[in-house]
Amino acid sequence: MKDVLRPLPFGARLLLNVAMQIHHVTPILAFALLPSTPALRAQSSSAPDATASRSPAAPPSIEAVSAERIEIDGRLDEATWQRGTEAGNFTQVEPRDGAPPSQRTSVRVAVDGGALFIAARLYDTSPDAIVARLGRRDSQTNSDAFTVSIDSYHDHRTAFQFGVNAAGVKFDGMTPNDSQDADASWDPVWEVATRIDSAGWIVEMRIPLSQLRFASDSTSTWGVNFERYILRTGETVRWAWVPNSETGFASRFGHLDALGDLGAAKRNRLEIMPYSVVQGDFDTAADEANPFFDGTSGGMQLGADFKYGVSNSITLTGTINPDFGQVEADAAEVNLTVFETYFNERRPFFVEGANLFRFGAGSSGTIFGSPQLFYSRRIGRPPSAAAPRDAEFSQVPEVTQILGAAKLSGRVAGWSVGLLDAVTAREIARFRLPAEDSDESVVEPLTNYSVLSLRRDLRGGRTGLGLMGTSVIRDIDEPSLNFLRETAHTAGLDFYHRFGRNQYALSGTLSGSRISGDSIAIAGAQRSSARYFQRPDQDYMTYDPSARDLSGYAVSASGGKVAGSWLVGSDFFATSPGFEINDVGFQQSADRIFLGGRINRRWLTGVGPFRYAQSYVNASRTFNYDQTRVGSGVFTGVYGQLRNLWSGNIDFARNQSFQSDRTTRGGPLLLIPPQWQLSGQLSSDSRRRATAYVYGSRRVNESGGHGETAGFGITFRPSSAITLSADPAYSNTHAKSGYLFAYADPTAVATYGRRHLMADLDQTTFDITLRSDLALSPVMSLQFHAQPFTSAVDYTVFKSFERPRKLEFLEYGTGGSTLEYDAQSRAYRLDADGPGASPEVSLGDPDFRLRSLRANLVLRWEYRPGSTVYLAWAHGRSMVSENPEFDVRSDFSDLLRDDQRNRLVLKVSYWINP
């Protein structure tokens, strides 16, 4: 099916409207016009010149010497470390950008045929004040730390980071796209040792060349940078310094020279990690008569991960029968909207290298408005179908088994390449109908997922071009699965371009999609909440129940000033009605045209009592392809960090009235009244043993709807090895148009022969996220996570939507309509005109209350480099009640009496590097 792109003669009007929005909020910019004050002074007087500052110069360089018999023990007593050049001229990034450091740092580099060695002497005039806290690998330990970032491709875009804190806890990651946002899921196998002495502390690293990627024709020069963090002063210093007002990360590194012929040096390209998993499930709610599960089950499975260096710059990563039993459970929620909830990926195989498969990876993060073409949570998701509703007992797989998956990533002829392919199994549900034998049904077909990403960087990383394509192919061999699409394909192009000494940037994306399958599947896509082709009050989209395919496009563009004290820009995106990517991407809406403008004023060197401050104003309008305004608003706020590292923000949003084409879920447009929202947050100094934050918001619209959120968090570190945290959160929503369902009524002429039943909706939710981390050593940790949760939903004032484009309702029980409630059957009977021609309908009482508890306990031990043992316990309880009364104390105390589900998992993996 083709989309109809209507001409946009109102484009100039859009620009004018945004300009007017900004004009109306000009008084809010008063804060932005305050004069800047001199930079904050360094707190330590040990610097050579506490008030001097540097100007950026040519990139510094350091030469690697030949390594001879280095033992990684945190003692720099080898002769190698007495030779070669030293990286010692560091510069502050925080708190005084460009100032000399308060403490001296010295770094040397060595290389041999198989590894890179780093030695850092981090001098400190107060060694007793060095903070060294234990924690799990890649965790935030709030300690003194040292990081080396290596651009081994020397493409000025990609950095491999290796870091350690003063207690020897590792953290590592990859930072693509010339960004500082590291992919911390990358866990290379490397060695490090630290030692605190009377002069400060020492870092000694050995990084195998097999864990890095570089061009096969690599020269003897890489990009490199070194960074040190001193917790007590909040001081960050770097060897290759770039002012905070400028952009770029890997493109601004120094040079690591004299590496030799690396193309012939790399060895041991194959890594294999076989693993075994033993699992047991115990469920007190199970029915003993259930032939499929009586409450206890167990089993064992085998699998393996592998990596193979196809070349020095290309790596093949694969997994066979992967297990993710050690992964933390998703947070509980009650979603009453038509939109799917987005959950972050937590599975290691898909998290590692995820940035390579991100569409719209611009010069400073993801391009605004670019669609998410790849959402890895689609792979291995719960089966799409279910057992028959009238089944007495059933057994449906919790997730779809991933038979195998592989990723090919690296660089070829100047292009960054990422190729992922995964195959998921054909899943079977077993069930038994009353008075019948057991039977089976297919609930998920055999499916292949493919993603290809190509990226080319030019002009030293200041210009880039990206291409991405995805494909989903399902083997649908059962009529019961005809609601699934047989094929789904997308293709996209993105670009970015920095110019004007990296002060300005342009970026954009263009993508297209096509799905095909049975007419039932395509009709479902047309009627989905992303587009609602069946809306009766529109004529620019055609609902075709016989269609066998659907296609669409999306385009986005952003431009503006991205560096300096003033940031100014504008954003645009358009998503056609037929654009659909949810088979392997993530999309909540289509049929949208957005235009916005933004202004941001930053004080990077401080202003008044603030160490850092910024103010911002955004204005936007959104239309559908019928040129109906479906969103409009202004957002403004201020943020500041004090010299004691306390920080906070206050934000204000004002939305004008607009027409909603989603609230009636396929029915006519409904007017959304103007709304305002005020929110704020305050956070304490994160360096302290005890830290806290508090936040809250209040929103109100002119129809009487409102909502509030509030919460706080406390983190306490009673010792260097223990971290405890609690994060309670409360929210309340009162909506005047909570949707229930629609039914045919020939008397409802104004709403096209259907009544849309709604109600006042009150939802109150409270939960607490509890965490405790115990680090027994840098390689052994015990982590606990729990979330008690309760939510009550109460529907009152049942009503019928009366007039399109208005906020007018008929309340049942008034004006000749009737409303009756049968307490025995817990059902309402509603009639819009009493004894008239309008039909009477029945509605089961929609009120409910849900409470649950989810908990995980994970023991992780890296018993040798790259090899781990996981012992995980997952616990769950839940209950649904018909009583909508919100009572936190009762719900949380009664949780301990609810039926429970427990799962024990022991996973042992062994890293082999033959």
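Report on the accompanying structure. Since this is a predicted model, take the numbers as computed values, not measurements.

### Observations concerning the overall build of the protein
Secondary structure summary: the protein contains four helices and 48 strands in total. Total accessible area on the protein is roughly 39,000 Å²; 55% of this is exposed by carbon and sulfur atoms.

### Some remarks on the pairing of strand 46 (residues 848–864)
Looking along a regular strand, one sees side chains alternate from face to face of the sheet. Here strand 41 (residues 780–801) pairs with strand 46 via 14 bridges, running antiparallel. Each residue of the ladder has a partner; that of Ser791, found in strand 46, is Leu850. Strand direction decides the pairing type here: strand 46 and strand 47 (residues 867–881), joined by 14 bridges, are antiparallel. Counted as the bridge partner of Arg849 is Ser881 from strand 47.

### A closer look at the pattern of salt bridges
Here the structure, examined in full by the defined rule, presents 44 salt bridges. Of the charged contacts in the structure, one is a salt bridge between Arg137 and Asp187, with a shortest N-O distance of 3.5 Å. Taken together, the positions of Arg137 in the loop between strand 5 (115–123) and strand 6 (145–151) and Asp187 in the loop between strand 8 (170–175) and strand 9 (191–197) put the pair 50 residues apart, joining distant regions of the chain. With a relative accessible area of 11%, Arg137 lands in the buried category. Given the relative accessible area of 35%, Asp187 is considered partly exposed. The closest approach of N and O atoms between Arg426 and Glu478, which form a salt bridge, is 3.5 Å. Of this pair, Arg426 sits in the loop between strand 21 (415–424) and strand 22 (427–432) while Glu478 sits in the loop between strand 25 (463–475) and strand 26 (487–499); the two residues are 52 residues apart in sequence, bridging distant segments of the chain. Classification of Arg426 as partly exposed rests on a relative accessible area of 37%. Several salt bridges converge on common partners, so that one network encompasses Arg137, Asp172, Asp187, Arg860 and Glu862.

### Section: the side chain of Gln587
Its location among the elements puts Gln587 in the loop between strand 29 (566–575) and strand 30 (592–603). A distance of 2.9 Å separates a polar side-chain atom of Gln587 from the backbone oxygen of Phe579. Look past the residues within four positions of Gln587 in its chain and what remains in contact with it is Arg531, Thr575, Phe579, Glu580, Ile581 and Asn582.

### Some points on the pairing of strand 12 (residues 235–238)
Burial along strand 12 is two-sided: Glu235 and Val237 and Thr236 and Arg238, pointing in opposite directions, are all buried. Across three bridges, the pairing between strand 3 (residues 91–94) and strand 12 is antiparallel. Looking across to strand 12, one finds that Thr91 is bridged to Arg238. Of the pairings in the sheet, the one linking strand 11 (residues 222–230) to strand 12 comprises four bridges and is antiparallel in character. Of the residues in strand 12, the one forming a bridge with Tyr229 is Thr236. Here strand 11 folds back onto strand 12 in antiparallel fashion, the turn holding four residues, of which Gly234 has a positive phi close to 65 degrees.

### Concerning the side chain of Asp891
Position of Asp891 relative to the elements: it lies in helix 4 (residues 888–894). A polar side-chain atom of Asp891 sits 3.1 Å from a polar atom in the side chain of Arg851. Not counting residues up to four positions away in its chain, the partners in contact with Asp891 are Thr790, Arg849 and Arg851.

### Describing the environment of Ser450
Counting through the fold element by element, Ser450 comes out in strand 24 (residues 446–458). According to the relative accessible area criterion, Ser450 is buried, its value standing at 19%. A sequence separation of 19 residues divides Ser450 from Gly469, and the C-alpha atoms of the two residues are 8.2 Å apart. If we ignore the near neighbours within four places in the chain, the residues touching Ser450 are Leu420, Asp421, Gly469, Thr470 and Ser471. Within polar-contact distance, the side chain of Ser450 engages the side chain of Asn448 at 3.1 Å.

### What to know about the packing of aromatic side chains
Scanning the entire structure with this criterion turns up 20 aromatic pairs. Where Phe162 meets Trp190, the ring centres are 5.3 Å apart and the plane angle is 80 degrees; that geometry is what we call edge-to-face. Of this pair, Phe162 sits in strand 7 (residues 159–165) while Trp190 sits in the loop between strand 8 and strand 9, placing them 28 residues apart in sequence. The class of Phe162 is buried, set by a relative accessible area of 0%. Aromatic pair Tyr375 and Phe586: ring centres 5.1 Å apart, planes at 70 degrees, arrangement edge-to-face. Remark: Phe586 occurs in the loop between strand 29 and strand 30 and Tyr375 occurs in the loop between strand 18 (365–366) and strand 19 (393–395); sequence separation between them is 211 residues. For the pair Tyr375 and Phe586, one class covers both residues: buried. Within the aromatic cluster, the residues linked to one another by ring pairs are Phe146, Phe226 and Trp239. The ring of Tyr153 is capped by Arg411, whose NZ or CZ atom sits 5.4 Å from the centre of that ring. Stacked on the ring of Phe809, the Lys or Arg Lys799 has its end atom at 4.9 Å from the ring centre.

Basis of the calculations
- Residues numbered from 1 in each chain as written.
- Predicted model: local features only at pLDDT ≥ 70, side-chain atom pairs only at ≥ 80, totals over all residues.
- Heavy atoms only, no water.
- Helix = DSSP H or I, 4+ residues; strand = E, 2+ residues; numbered from the N terminus.
- Areas by Shrake-Rupley, 256 points an atom, 1.4 Å probe, with all protein chains shown as cover.
- Pairing = 2+ DSSP bridges.
- Salt bridge = Lys/Arg side-chain N within 4 Å of Asp/Glu carboxyl O.
- Buried < 20%, exposed > 50% of the residue type's maximum accessible area, 1.4 Å probe, protein only.
- Polar contact = N/O pair within 3.5 Å; in protein donor to acceptor, adjacent residues only side chain to side chain.
- Contact = heavy atoms within 4.5 Å.
- Phe/Tyr/Trp six-rings, centres within 6.5 Å; stacked < 30°, edge-to-face > 60°.
- Lys NZ or Arg CZ within 6 Å of the ring centre and 35° of its normal.

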